[in-house]
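# Report on the structure
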Amino acid sequence: METQDRISALPDEILCHILSFLSTNDSFATSLLSKRWQPLWLFLSIIDLDNQTFIQNGRSYTFFFKFAYGILFRCRMQQPLKIARFHLTPRVCGYSNDFPYHLFKKWVRIIIQRGIEQLYIEIPRALEVPHIIWSCKTLVVLKLYRLSMDVFVKVHMPALKTLHLDFLFISKSQYFAEIFHGCPNLEDFRAYHIFLDNKLEGIEFQTMPKLVKADLKLDYVFEFPLKVVSNVEHLRFFLKLKKESFPMFENLIHLELHLESNIQWHLVIKMLNHCPKLETVMLHMPAEPYSCTSWICPQFVPECIASQLKRCSIFNYTGRRSEMEFTKYIMQNSRALQSMAIRNTIIGKNYSLSRQNKRQMLQELVMCPKSSTHCKLFFK
């Protein structure tokens, strides 16, 4: 008796939802299964072109873009596109100069005209962001990896809520400021390795009024204007040695702070002093051997530590005296603290804590006076 094909018996809507999790190359391949599957991929509102598609086309940009354009024109033209992903990495494609930028720009223009809502782009070389992207009124999510902004472009993306920029090369600071000016409804912002050719002096950056979440990991020569993200509730931030001034983070409740290899404890306290409503802090010590200033107990207690802080976690804990004193300072002064988690997740044999050292450290922390009677100490 022939086994029933239960998957093919499912409604079109469910099958299309299943296909939406595949790359475009794989969803297209399902059309060869049977007549039942043949038209389904044409109804997808997602295009996902990646390294696999490039390899399947013989590592040839010519055939890759023939496939990319063929997908666009064979799908229902009257149907709007919701999501487009374009991921070509140098690991697969190399850093050669033969990337057909003109074909890439044309492909982007077509999907923008189709009313795209989410756009993810990674290309092998840092080439100019197609200008049409910066004036797309339908985009809600934009994630760019390894591109550049070489000339001034008026930015107008009123619907954009999520913007992630990774390895973006920007010729002038005012181009960067224009991005924020043109995205008034931004809620989620990420910047990893932004490279600027000049400094920020004289450039006015505005505070993003609707921003809720920010994730900042930046090049050391670039001093990001924290004023832009001062309204956020959640912030992941890599604290640099030269950072001496901070805006007030009036709404911040969750802070994930990554420290660099030369720790300045007074900057950590200064940062916390600018977060009056902070409830959770996650402190990441450097994952490599580091130097730090000696701990000097502050003459004041930041407002968040005194009355708001509920959860504190310290990662890559090495057992240094300065780390111990900071931990005790938090427990001694945090009246609302519910948990203090010490996490030794490191690093190499020189920093891995022995069982004996862990017991001694835990004993010292257990014996430390605590302002909160509800504080639980975790050592993992």
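Residues numbered from 1 in each chain as written. Predicted model: local features only at pLDDT ≥ 70, side-chain atom pairs only at ≥ 80, totals over all residues. Heavy atoms only, no water.

Right, let's get into the nonpolar core. Ranked by internal contacts, the top residues of the largest apolar core, which has 109 residues, are Phe-86, Trp-107, Phe-176, Phe-189, Val-229 and Leu-235. The element that contributes the greatest number of residues to this core is helix α4 (residues 61-74), accounting for 8 residues. Excluding residues that lie within four positions of it along the chain, Phe-189 makes contacts with Leu-163, His-164, Leu-165, Phe-176, Phe-180, Leu-211, Lys-213, Ala-214, Asp-215, Leu-216, Phe-224 and Val-229. (Core = buried A, V, L, I, M, F, W, Y, C linked by side-chain atoms within 4.5 Å. Buried < 20%, exposed > 50% of the residue type's maximum accessible area, 1.4 Å probe, protein only. Helix = DSSP H or I, 4+ residues; strand = E, 2+ residues; numbered from the N terminus. Contact = heavy atoms within 4.5 Å.)

Here Ile-253 is to be found in the loop between β8 (234-239) and β9 (254-259). Relative accessible area serves as the criterion here: at 28%, Ile-253 is assigned to the partly exposed category. Between the alpha carbons of Ile-253 and Cys-304 there is a distance of 9.3 Å; along the sequence they are 51 residues apart. When sequence neighbours within four positions are dropped, the list of residues in contact with Ile-253 reads Glu-233, His-234, Lys-277, Leu-278, Glu-279 and Thr-280.

Another point: helix α10 (residues 321-333). Over its 13 residues, α10 extends 18 Å from the first C-alpha to the last, a length consistent with the 18 Å expected when each residue adds 1.5 Å. Within the sequence span of α10, burial applies to Ser-322, Glu-323, Met-324, Phe-326, Thr-327, Lys-328, Tyr-329, Ile-330 and Met-331. (Expected span 1.5 Å × (residues − 1).)

Turning next to the pattern of salt bridges. Should their charged atoms come close, side chains of opposite charge can pair. Evaluated as defined, the whole model comprises 11 salt bridges. For Arg-146, the salt bridge identified is with Glu-122, shortest N-O distance 3.3 Å. Of the two residues, Arg-146 is situated in strand β4 (residues 141-149) and Glu-122 in strand β3 (residues 118-128); the sequence distance between them amounts to 24 residues. Glu-122 carries the same exposure label as Arg-146, and that label is buried. A salt bridge links Lys-328 to Glu-364; the shortest N-O distance between them is 3.2 Å. (Salt bridge = Lys/Arg side-chain N within 4 Å of Asp/Glu carboxyl O.)

This brings us to the confidence of the model for the chain. Averaged over all residues, the pLDDT of the chain equals 84, while 86% of them reach at least 70. Averaged pLDDT values over the elements of the chain bottom out at 70 in helix α2 (residues 24-29) and peak at 96 in helix α9 (residues 303-308). (pLDDT = per-residue confidence, 0-100.)

Where helix α8 (residues 265-273) contacts α10, the two axes come as close as 12 Å, and the packing angle between them is 25°. Compared by their axis directions, α8 and α10 come out roughly parallel. Crossing angle aside, the handedness with which α8 passes α10 is right-handed. Each of Trp-265, Val-268, Ile-269 and Leu-272 in α8 lies in contact with α10, whose residues at this interface are Ser-322, Glu-323, Phe-326 and Tyr-329. Along the lines of polarity and charge, the residues of the contact of α8 with α10 split into 6 nonpolar, 1 polar and 1 charged. (Axes fitted to C-alpha atoms, helices over the stretch in contact; angles between N-to-C directions. Parallel < 35°, antiparallel > 145°, perpendicular 65-115°, else oblique. Left-handed = near helix turned anticlockwise from the far one by under 90°. Nonpolar A, V, L, I, M, F, W, Y, C, P; charged D, E, K, R; others polar.)

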